[in-house]
Amino acid sequence: MIQITTPQELQQYRNNLPHAETVGFVPTMGALHEGHISLIKRSVSENDKTIVSIFVNPTQFLPGEDLDAYPRKLEADLKICELAGVDSLFTPSTDAVYSWEEPTVKAPKIKGYILEGYHRPGHFDGVLQIVLKLLNLTRPTRAYFGKKDAQQLYLIQNMVHTLYLGTEIVPCEIVREKDGLALSSRNVYLGDEERQKALLLSRSLKHATRRIIEGERDTERIKQEMVEILSPTRVEYVEIVDRDFNLLHEVQIENTIILVAAYVGTTRLIDNMWV
Ligand code: PAF
């Protein structure tokens, strides 16, 4: 595995890859866990070369969010990538990636500013800005994103489609602990008691899917029941949307995502289920 730290080197590396080879790309912010590893392994198995990036992107954090506290574990991440069969690892500094002044990407006005985008205004502008840069540098055949960040995944698919970027975006399943907790780099912030409360997110989603299997289709009723289950947490939103992030009054089987965002202590967690 080679480690690359500047965009120029990465461009050169990419340009030197044989034309016929397929390239898989997995963008991350590091502190890699089994969720990331599943993306990386999938890329390694589906492509001739796999590029992983580790970059804690400042432009997607709002003032007062956890940019400084965000876990950074570069040494462990390097080993994980090496063992998983990654060919090149891009670990740039902020100064290497961003200029003091540059054009900026704006997330779509509606879908980029509801749900996560409403509670974290500007977050998706920063996500799309860095993902666009990374896709331009790596020009991958396929890029791998987790379904856990469902709205991010939707907006990236939308950007790739509308800006004709030509990469296939591969959605990857959420990886959970045995007890249902969705893996997240932010889970390290949780104390023992908080971790128990954090389980309420996946429990509320399981309850919702059970109710749908029983025949319930009214999204308001399902959301109300979820909010009750989540009451020991500070719920930011519970919402039910279709796969294009339109709000739903009635569940549409095979076209529905149930989403939740809640604070457990000071840690903000998100989770979702695709029905
Ligand atoms: O999902 C993430 O880890 C980040 O939002 C991403 C896609 C790597 C962009 O910084």
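Residues numbered from 1 in each chain as written. Predicted model: local features only at pLDDT ≥ 70, side-chain atom pairs only at ≥ 80, totals over all residues. Heavy atoms only, no water.

Peer 1: What should I look at first to understand the site of the ligand in this one?
Peer 2: Around the ligand sit Pro 27, Thr 28, Met 29, Asn 57, Gln 60, Ile 130, Phe 145, Asp 149 and Gln 152, and those are all the residues in its vicinity. Interatomic distance of 2.6 Å between a side-chain N/O atom of Gln 60 and an oxygen atom of the ligand. Gln 152 is positioned such that a nitrogen or oxygen atom in its side chain is 2.7 Å from an oxygen atom of the ligand. When the ligand is considered free in solution it has 290 Å² of accessible area, and contact with the protein chains removes 89% of it. (Near = heavy atom within 4 Å. Polar contact = N/O pair within 3.5 Å; in protein donor to acceptor, adjacent residues only side chain to side chain. Areas by Shrake-Rupley, 256 points an atom, 1.4 Å probe, with all protein chains shown as cover.)

Peer 1: How should helix α8 (residues 192-214) be read in this particular structure?
Peer 2: Helix length check: α8 (23 residues) gives 33 Å between terminal C-alpha atoms against 33 Å at 1.5 Å per residue, within 8%. Where α8 bends most, at Ser 202, the angle is about 25°. Those residues of α8 not exposed but buried are Ala 198, Leu 199, Leu 200, Leu 201, Ser 202, Ser 204, Leu 205, His 207, Ala 208, Thr 209, Arg 211 and Ile 212. Elements that come into contact with the buried residues of α8 comprise α9 (219-229), β8 (256-264) and β9 (267-274). Immediately downstream of α8, the backbone of Gly 215 shows phi near 115°, a positive value. (Helix = DSSP H or I, 4+ residues; strand = E, 2+ residues; numbered from the N terminus. Expected span 1.5 Å × (residues − 1). Bend = angle between axes of the 7 residues up to and from the residue. Buried < 20%, exposed > 50% of the residue type's maximum accessible area, 1.4 Å probe, protein only. Contact = heavy atoms within 4.5 Å.)

Peer 1: Any chance you could explain the pairing of strand β2 (residues 23-28) here in plain terms?
Peer 2: Within a regular beta strand, the side chains point alternately toward one face of the sheet and then the other, so they alternate between its two faces. Most of β2 sits out of view: 6 of its 6 residues are buried. Taking every second residue as pointing to the same face, both faces of β2 are buried, with Val 23, Phe 25 and Pro 27 on one and Gly 24, Val 26 and Thr 28 on the other. The pairing of β2 with strand β3 (residues 49-54) spans 6 bridges and is parallel. Note that in β3 the partner of Gly 24 across the bridge is Thr 50. Taken together, β2, helix α2 (residues 34-46) and β3 constitute a β-α-β crossover, and its handedness is right-handed. By the bridge criterion, 2 bridges tie β2 to strand β5 (residues 142-146) in an arrangement that is parallel. (Pairing = 2+ DSSP bridges. Right-handed = clockwise from strand over helix to strand, strands pointing away.)

Peer 1: Looking at this model, I keep getting lost on the nonpolar core. Mind explaining?
Peer 2: For soluble globular proteins, nonpolar side chains are generally found buried alongside one another. Counting 40 residues, the largest nonpolar core has Val 131, Ile 156, Phe 245 and Leu 259 as the members making the most contacts within it. Among the elements of the structure, α1 (7-15), β2, α6 (123-138), β5, α7 (150-162), β7 (234-242) and β8 are those that each provide at least two residues to this core. A per-element tally of this core places α6 first, with 9 residues. Excluding residues that lie within four positions of it along the chain, Phe 245 makes contacts with Lys 111, Ile 114, Leu 115, Ala 150, Gln 151, Tyr 154, Ile 257 and Leu 259. Counting 22 residues, the second largest nonpolar core, distinct from the first, contains Ala 198, Leu 199, Val 264 and Leu 269. (Core = buried A, V, L, I, M, F, W, Y, C linked by side-chain atoms within 4.5 Å.)

Peer 1: Looking at this structure, how should I read the packing of α8 against α9?
Peer 2: The geometry of a pair of packed helices is captured by two quantities: the angle between their axes and the separation between those axes. Interaxial distance between α8 and α9 falls to 9 Å at its minimum, and their mutual angle equals 150°. With respect to α9, the element α8 is oriented roughly antiparallel. Between α8 and α9 the crossing geometry is right-handed. In contact with Leu 200, Ser 204, Leu 205, His 207, Ala 208, Arg 211 and Ile 212 of α8, α9 contributes Ile 222, Glu 225, Met 226 and Ile 229. Here the contact of α8 with α9 is composed, by residue class, of 7 nonpolar, 2 polar and 2 charged. (Axes fitted to C-alpha atoms, helices over the stretch in contact; angles between N-to-C directions. Parallel < 35°, antiparallel > 145°, perpendicular 65-115°, else oblique. Left-handed = near helix turned anticlockwise from the far one by under 90°. Nonpolar A, V, L, I, M, F, W, Y, C, P; charged D, E, K, R; others polar.)

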